Amino acid sequence: ETLVVPTFPDPIPQECAWIRDRMQEQVTASVEQSQRVFVARQDATVRRIANRDAVQRVFDRHNIDTYLLGELSVEEQISLFTDAEIVVGPHGAGLTNILYGSDLTVIELFGDKTMATFDRLAENMGHEYRYLQCEQDGLDIRVDGEKLDATLRDVLIAD
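Now for a look at the structure at hand. Predicted model only: the values in this text are computed from it and were never measured.

### Here we look at helix α5 (residues 145-158)
Here's step 1: In this model α5 runs 20 Å from its N-terminal to its C-terminal C-alpha over 14 residues, within 8% of the 20 Å that 1.5 Å per residue would give.
Here's step 2: Within α5 the residues assigned to the buried category are Leu148, Asp149, Thr151, Leu152 and Val155. For α5, the buried positions fall inside an angular range of 165° around the axis, keeping them on one side. Residues of α5 that are exposed and point more than 90 degrees away from the buried face comprise Glu146, Ile157 and Ala158.
Here's step 3: Buried residues in α5 make contact with α2 (52-61), β3 (86-90), β4 (105-110) and β5 (128-133).
Here's step 4: One side-chain oxygen at the N-terminal end of α5 lies 2.9 Å from the backbone nitrogen of Glu146; it belongs to Asp144.

### Description of the sheet that holds β4
Strand pairs in the sheet, formed through backbone hydrogen bonds, run parallel or antiparallel to each other.
Here's step 1: If you walk across this open sheet you meet the five strands as β2-β1-β3-β4-β5, and the pairing is parallel. The open sheet has two edge strands with one neighbour each: β2 (65-67) and β5. Taking each pair of neighbouring strands and ignoring which way they run, the sheet shows an average axis angle of 20°.

### So, the packing of aromatic side chains
Here's step 1: Taken as a whole and judged by the stated rule, the model has two aromatic pairs.
Here's step 2: Summarising the aromatic geometry, the rings of Phe110 and Tyr131 are spaced 5.9 Å apart at their centres and angled 75° between planes, so their arrangement reads as edge-to-face. Residue Phe110 is located in strand β4, and its partner Tyr131 is located in strand β5; the two are separated by 21 residues in the primary sequence.
Here's step 3: By relative accessible area, which is 1% here, Phe110 ends up buried.

### Topic: the packing of α2 against α5
Here's step 1: It is the contact of α2 with α5, at a shortest axis distance of 9 Å, that shows an interaxial angle of 20°. The pairing of α2 with α5 is recorded here as roughly parallel in orientation. Between α2 and α5 the crossing geometry is right-handed. In contact with Val55, Val58, Phe59 and Arg61 of α2, α5 contributes Gly145, Leu148, Asp149 and Leu152.

### What about helix α1 (residues 13-25)?
Here's step 1: The end-to-end C-alpha distance of α1, which contains 13 residues, comes to 18 Å, matching closely the 18 Å that a straight helix rising 1.5 Å per residue would cover.
Here's step 2: Looking at the packing, one finds that the buried side of α1 touches α4 (118-125).

### Side note on the pattern of salt bridges
Here's step 1: Within the structure shown, the criterion is met by eight salt bridges.
Here's step 2: Residues Arg48 and Asp140 are paired through a salt bridge, measuring 3.0 Å at the closest nitrogen-oxygen approach. Placement of Arg48 in the loop between β1 (36-39) and α2 and of Asp140 in strand β7 (residues 140-142) is noted, with a sequence separation of 92 residues between them.
Here's step 3: One network of salt bridges, in which partners are shared, links Arg61, Asp149 and Arg153.

Basis of the calculations
Residues numbered from 1 in each chain as written. Predicted model: local features only at pLDDT ≥ 70, side-chain atom pairs only at ≥ 80, totals over all residues. Heavy atoms only, no water. Helix = DSSP H or I, 4+ residues; strand = E, 2+ residues; numbered from the N terminus. Expected span 1.5 Å × (residues − 1). Buried < 20%, exposed > 50% of the residue type's maximum accessible area, 1.4 Å probe, protein only. Arc of directions from axis to C-beta. Contact = heavy atoms within 4.5 Å. Polar contact = N/O pair within 3.5 Å; in protein donor to acceptor, adjacent residues only side chain to side chain. Pairing = 2+ DSSP bridges. Axes fitted to C-alpha atoms, helices over the stretch in contact; angles between N-to-C directions. Phe/Tyr/Trp six-rings, centres within 6.5 Å; stacked < 30°, edge-to-face > 60°. Parallel < 35°, antiparallel > 145°, perpendicular 65-115°, else oblique. Left-handed = near helix turned anticlockwise from the far one by under 90°. Salt bridge = Lys/Arg side-chain N within 4 Å of Asp/Glu carboxyl O.

Here is the structure:
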């Protein structure tokens, strides 16, 4: 009924796989979804994308769909990330869902502060991990569209 996940020590790959497998066993819902996911934080108070329109143009070129995870059930989030091939998003709790993916690429967006949370989770799950250092814009971040585009092109060529 209750899952408790401590923050220290870091989980090991076997623990991550155990959680993923148990959660995926419970998924019966199917949601129409993309295999290229942007985890938006427009409903958050920090680390939103300040230049959302410019970033959206880059996502449109690469067929990346935007999702507000707060609008999806846990089941729908598991299903979305299970099928994902690319996940892009600012640092935040929504990226925990990369736990459910298999063979995906994670591109994490940071402002001034870089944290080693989701790179460790990606490593445990065998995912490719990249990050972009972005400009801090108050509480939000401003993404360099050219760097994002180049990173996405590089990831997609490697596939």
